[in-house]
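A closer look at the structure
Listed below are the residues making up each chain.
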Amino acid sequence: MSPVKPPERDKYVDWLRALSLIVVVVWHWAFTILEWRPHGPEPTSPLGFTSGLWILTWLLQVLPLFFYVGGHVHLLSWNRARARGVGIGAFVLRRIRALALPALFLSGVWIAIGAVVTLTFQIDWMWRVVLLVLSPLWFLGVYLVLIALLPVALWLHHRFDVLALIWLGGAALVVDVIRFRYGVEWAGWLNMLLVWGLAHQAGFFYERIVVLPRRYDVAVLWTGLFALFGLVYSGIYPGSMVGVPGDKWSNMAPPTFVIVALLLFQIGLVEVLRPAMERVLEKPGWRRLNDFINRYALPLFLFHTTGMAISLGVSWWVFGNLGARIPPDVIWWLERPVAVIGPLICTLPVIYLFGRRRTPVSQRQDKEVGGSLGSGHG
């Protein structure tokens, strides 16, 4: 009797997960403008100074896609763990520990640095630096909450199936009505759980979406795109999918119902692109690149703002405070490809040290996380 061949990993899932983190990192490195003010560094964005550039955020704001892929990965990993006799409590705790420990270690180091620098040199704005370095970790906090709620999400999925998505989306829309129509601003923070929970829950349907005929992929893409245009041009919501200085509010902090439309658009888009990308990822060079990026994507995200802070500190020490060019001029835009080099060089040593400490157990867990049962289109 021949041994059972293990299911092939879905390389496209690996690619989407890593790509979503890389896009966030490059966005922060290339498009963060730090303006020095009396109270310390103040970040701003070129989106506030360039008309129409916000449309790019419909492609580059990829957190909905990250949560979607994460939902699929968690369902797949849970099914495999359950088959080995692992309980849901142990599974959830292991996932939380694997993600929370490096984030807590990084936070602890920066808080200690902030305290030492503030007390030693009486630099009050040092805490702003700490906040800027650690602020991108907010979505890991949301992600950890969703992992903790995984037993509830799985119950909803098995008990109510697609109705769970409808209810989460409807609840997110109701929150926006309460927030914008009746001025109950605090209610918007409920969408941190509802909107990102919806994106994560949608990942449970990943394999069903993959096998749908391609015309459905196109239909989902256009549904999301029309919903985005309708919501944005209603005048209620900003066009940018990230926070922009000067906008009346942000579609991300807290998330609005627009992010649900963005999720639909991005799911449709990645499925339309799937056949071409799967052919590309089968090539040996691309396969090795995909494996390499996936190995270091999470540590790159965790430490990319640390590398950016080091790079800016060295730059200011060597060249002095040259000042931010606001609004950004042509030279600033031409410098964007070069702007990632300094932070990358300063981040690589930390990533290398992180990678050297990976154990066979952690590598095996990564294979579980990145695996899939295969894919195809009808």
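See the structure printed just above.
Notes on the structure in this doc start here. This is a predicted model, so every value here is computed, not measured.

So, how was this worked out
Residues numbered from 1 in each chain as written. Predicted model: local features only at pLDDT ≥ 70, side-chain atom pairs only at ≥ 80, totals over all residues. Heavy atoms only, no water. Helix = DSSP H or I, 4+ residues; strand = E, 2+ residues; numbered from the N terminus. Buried < 20%, exposed > 50% of the residue type's maximum accessible area, 1.4 Å probe, protein only. Contact = heavy atoms within 4.5 Å. Axes fitted to C-alpha atoms, helices over the stretch in contact; angles between N-to-C directions. Parallel < 35°, antiparallel > 145°, perpendicular 65-115°, else oblique. Nonpolar A, V, L, I, M, F, W, Y, C, P; charged D, E, K, R; others polar. Phe/Tyr/Trp six-rings, centres within 6.5 Å; stacked < 30°, edge-to-face > 60°. Lys NZ or Arg CZ within 6 Å of the ring centre and 35° of its normal. Pairing = 2+ DSSP bridges. Salt bridge = Lys/Arg side-chain N within 4 Å of Asp/Glu carboxyl O. Arc of directions from axis to C-beta.

On to unusual backbone geometry, then. In this model, alanine 253 is joined to proline 254 through a cis peptide bond whose omega is -5°. Its identity as a non-glycine residue notwithstanding, glutamine 122 has a phi of 55°, on the positive side. Looking at the element boundaries, glutamine 122 is found in the loop between helix 4 (88-121) and helix 5 (126-134). One non-glycine residue with positive phi stands out, namely aspartate 161, at about 55°. Position of aspartate 161 among the secondary structure elements: in the loop between helix 7 (150-160) and helix 8 (163-182).

What follows is about the side chain of serine 45. Within the element layout of this structure, serine 45 appears in the loop between strand 2 (40-44) and helix 2 (57-60). On the basis of relative accessibility, which here comes to 9%, the residue serine 45 falls in the buried class. Residue contacts for serine 45: discarding those within four places in its chain leaves Phe31, Ile33 and Pro245.

Taken N-terminus to C-terminus, the directions of helix 1 (residues 11-31) and helix 12 (residues 258-281) make an angle of 110°; their axes are 10 Å apart at the nearest point. Overall, the two elements helix 1 and helix 12 adopt an arrangement that is roughly perpendicular. In this structure, helix 1 contributes Lys11, Tyr12, Trp15 and Leu16 to the contact, and helix 12 contributes Val270, Leu273, Arg274, Met277, Glu278 and Leu281. Class assignment of the residues belonging to the contact of helix 1 with helix 12 gives a composition of seven nonpolar, no polar and three charged.

Within this structure, the stated rule accounts for 26 aromatic pairs. When the ring of phenylalanine 66 is compared with that of phenylalanine 67, the centres are 6.1 Å apart and the planes differ by 85°; the resulting orientation is edge-to-face. The burial state of phenylalanine 66 is the same as that of phenylalanine 67; both residues are buried. Arranged with centres 6.3 Å apart and planes meeting at 45°, the rings of tryptophan 138 and tryptophan 196 form a pair that is tilted. Of the two residues, tryptophan 138 sits in helix 6 (residues 138-148) while tryptophan 196 sits in helix 9 (residues 191-202), which places them 58 residues apart along the sequence. Residue tryptophan 196 is classed as buried on the basis of its relative accessible area of 0%. Taken together, Phe66, Phe67, Trp138, Phe139, Tyr143, Trp196 and Phe301 form an aromatic cluster joined through their ring pairs. Over the face of the ring belonging to tyrosine 182 we find arginine 181, whose NZ or CZ atom lies 5.2 Å from the ring centre.

Turning our eyes to something else, we now look at the pairing of strand 1 (residues 33-37). Two elements, strand 1 and strand 2, share five bridges in a ladder whose sense is antiparallel. In the sheet register, tryptophan 36 faces strand 2, and the bridge partner there is proline 41.

On to the pattern of salt bridges, then. Counted under the stated rule, the structure contains ten salt bridges. Note that arginine 179 is salt-bridged to glutamate 185, the shortest N-O span being 3.0 Å. Looking at glutamate 185, the relative accessible area reads 43%, which means it is partly exposed. Here arginine 274 makes a salt bridge to glutamate 278, at a shortest N to O gap of 3.1 Å. Of this pair, arginine 274 and glutamate 278 are both found in helix 12, four residues apart, which corresponds to roughly one turn of the helix.

Turning our attention to helix 7. Buried within helix 7 we find Leu150, Ala153, Leu154 and His157. All buried residues of helix 7 project into a common sector of 100° when viewed along the axis, lining one side. Once helix 7 finishes, aspartate 161 follows within two positions and takes phi at roughly 55°, a positive value.

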